[in-house]
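Overview (structure and organization)
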Amino acid sequence: MRIDVITIFPEYLEPLNVSLVGKARARGQLDVRVHNLRDWTHDRHNTVDDSPFGGGPGMVMKPEPWGEALDAVTAEAEEGERRPVLVVPTPSGLPFTQELAVELSERPWLVFTPARYEGIDRRVIEEYGDRFDVREVSIGDYVLAGGEAPVLVIVEAVARLLPGVLGNAESHRDDSFAPGAMADLLEGPVYTKPPVWREREVPEVLLSGHHGKVARFRRDEAFRRTTANRPDLIERCDPAALDKADRALLAELGWEELPDGRFGRSASAVEE
Ligand code: 6GU
């Protein structure tokens, strides 16, 4: 996969040399190219921003440097296979999800345009939306000063899905938010040696070697964590994915089956 990032802070992308993404680059599985937007300015001050038409606070990124940069970076884009996806980080974008990470991981070429200030002149997104697939993406409901940290987040989520990048292909299967498998539950706690640490014991069942009981324990812990931290995931859970033991545990945790078969917190539990 090829990844281009156009930014006024190339040094912000240094972490792409480290760990999983860094190793994928060193192995040639990822071709990451970071570009300085100011290379496509022509005035003495390398200006990339200007005041907004219509007034208001802050500055807007000028269209001309972005246009020249994107034309240069995507010059080799051909029709068909080698068409890049333009990923535009913005707090007003679509939520970044595991599903979108999977979709992006299946494309050969991603171009990121992290912005500072109040964002990029809208006409840039329109112009390239006519030529490429554009995804405006937000990484969560909070406001960052720029799109560089979101690029690090998105690249890491995508890179670990590439074939051969995460040593063990099994590792994806139980990911929290992996489609299917664990039915959209958060992963439960994990333990390693020693079996006793500061008088705290690893749950006995995990040492038992009984695979069925281990699987049930993990699933119960996943339900406990999901009901506590992400009740919305339980509410939209497909009831067909719930077995008898799941239903019993949910009842114990104060959830009840609704007329449509889905689960909701029982009125008595909600009042608490
Ligand atoms: Cl993608 N950009 C900025 N500036 N803030 C954000 C964001 C993106 N996602 C959440 N907050």
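What counts, and at which threshold
Within any chain, residue numbers begin from 1 and follow the written order of that chain's sequence. Residue-level local features of this predicted model are given only where pLDDT is at least 70; pairs of side-chain atoms are given and counted only at 80 or more, and the full residue set underlies all totals for whole chains, interfaces and linings. With hydrogens and water stripped out, all remaining heavy atoms of the structure feed into the side-chain values. Secondary structure elements are taken from DSSP: a helix is a run of H or I of four residues or more, a strand is a run of E of two residues or more, and numbering for both begins at the N terminus. Put simply, the radius of gyration uses C-alpha atoms, and a globule should come to 2.2 Å times the residue count raised to 0.38. By definition, residues are in contact when any of their heavy atoms lie within 4.5 Å. Areas reported as accessible are Shrake-Rupley estimates using a 1.4 Å probe. Residue values count occlusion only from the protein chains shown. Throughout, an axis means a line fitted to C-alpha atoms (over the contacting stretch in the case of helices), and angles, computed between N-to-C directions, take values from 0 to 180 degrees. When an angle is under 35 degrees it counts as roughly parallel; over 145 it counts as roughly antiparallel; between 65 and 115 it counts as roughly perpendicular; any other value is oblique. By definition, any crossing whose near helix is turned counterclockwise from its far helix by less than a right angle is left-handed, and any crossing with a clockwise turn is right-handed. Three residue categories are used. Nonpolar comprises Ala, Val, Leu, Ile, Met, Phe, Trp, Tyr, Cys and Pro, charged comprises Asp, Glu, Lys and Arg, and polar comprises the others, including Gly. We call a residue near a molecule or strand whenever a single non-hydrogen atom of that residue lies within 4 Å of it. The term polar contact refers here to a pair of N or O atoms within 3.5 Å; inside protein, the definition further demands a hydrogen-donor-capable atom paired with an acceptor-capable atom, and it admits residues adjacent in sequence only when both atoms are side-chain atoms. Accessibility here uses a 1.4 Å probe with only protein chains present; expressed as a share of the type maximum, an area under 20% marks a residue as buried, one over 50% as exposed, and anything in between as partly exposed. Relevant arc is that of directions from the helix axis to the C-beta atoms, nothing else. At least two bridges found by DSSP between two strands are what make those strands a pair. Call a crossover right-handed when, viewed with both strands pointing away from you, the route from the first strand across the helix to the second goes clockwise. Note that the domain bounds reflect an automated or database-derived domain assignment.

So, the overall build of the protein
Scanning the protein from terminus to terminus reveals nine helices and 11 strands. In terms of overall size, the protein is more extended than a compact globule, its C-alpha atoms giving a radius of gyration of 23 Å where 272 residues would be expected to give roughly 19 Å. Pairs at least 24 residues apart make up 71% of the contacts formed inside the protein by residues separated by at least 6 positions. By element, 51% of the accessible surface of the protein is carried by carbon and sulfur atoms, the whole surface being about 15,900 Å².

Focus: the packing of helix 2 (residues 63-73) against helix 4 (residues 122-129)
Interaxial distance between helix 2 and helix 4 falls to 9 Å at its minimum, and their mutual angle equals 25°. Put simply, helix 2 runs roughly parallel to helix 4. Every pair of crossing elements has a handedness; the one defined by helix 2 and helix 4 is right-handed. Within the contact between the two elements, helix 2 uses P63, W66, G67, L70 and D71 and helix 4 uses R123, V124 and Y128. When grouped by side-chain class, the residues that make up the contact of helix 2 with helix 4 number five nonpolar, one polar and two charged.

As for the site of the ligand
In the vicinity of the ligand, the residues found are P89, T90, P91, V137, S138, I139, G140, Y142, L144, G146 and P150. Contacts to the ligand include S138, whose side-chain N or O atom sits 3.4 Å from a nitrogen atom. The contact in question runs from a nitrogen atom of the ligand to an N or O atom on the backbone of I139, over 3.0 Å. Across the complex, the protein chains shield 96% of the 290 Å² of accessible surface that the ligand would expose by itself. Counting residues per element, the ones that place at least two in the shell around the ligand are strand 5 (85-95) and strand 7 (133-138). Split by residue class, the shell around the ligand holds seven nonpolar, four polar and no charged.

A few points about helix 3 (residues 98-105)
Considered for burial, the residues of helix 3 that qualify are Q98, L100, A101, L104 and S105. Taken around the axis of helix 3, the buried residues stretch over an arc of 160°, which confines them to a single face. Packing partners of the buried residues in helix 3 comprise strand 5, strand 6 (109-112), strand 7 and helix 5 (148-159).

Some points on the pairing of strand 2 (residues 31-36)
Bridging between strand 1 (residues 2-7) and strand 2 involves six bridges; their strand directions are parallel. Its bridge partner lying in strand 2, D4 is registered against R33. The parallel pair strand 1 and strand 2 is bridged by helix 1 (residues 19-26), and the resulting crossover is right-handed.

Examining the domain arrangement of the protein
For the protein, the domain assignment lists domain 1 (2-159) and domain 2 (181-271). Put simply, the middle of domain 1 and the middle of domain 2, counted by C-alpha atoms, are 38 Å apart.

Re the sheet that holds strand 7
Through backbone hydrogen bonds, the strands of a sheet pair up, either in parallel or in antiparallel fashion. A sheet is described by the order of its strands in space; here five strands give the open sequence 2-1-6-5-7, paired in parallel fashion. The open sheet terminates on both sides in strands that have one partner only, identified here as strand 2 and strand 7. For this sheet, the mean inter-axis angle between neighbouring strands, taken without regard to orientation, is 25°. Looking at chain direction, strand 1 and strand 6 are connected through four bridges and run parallel. What sits directly across from I3, in strand 6, is L110. Here helix 5 sits on the sheet in contact with strand 1, strand 5, strand 6 and strand 7, set at roughly 165° to strand 6.

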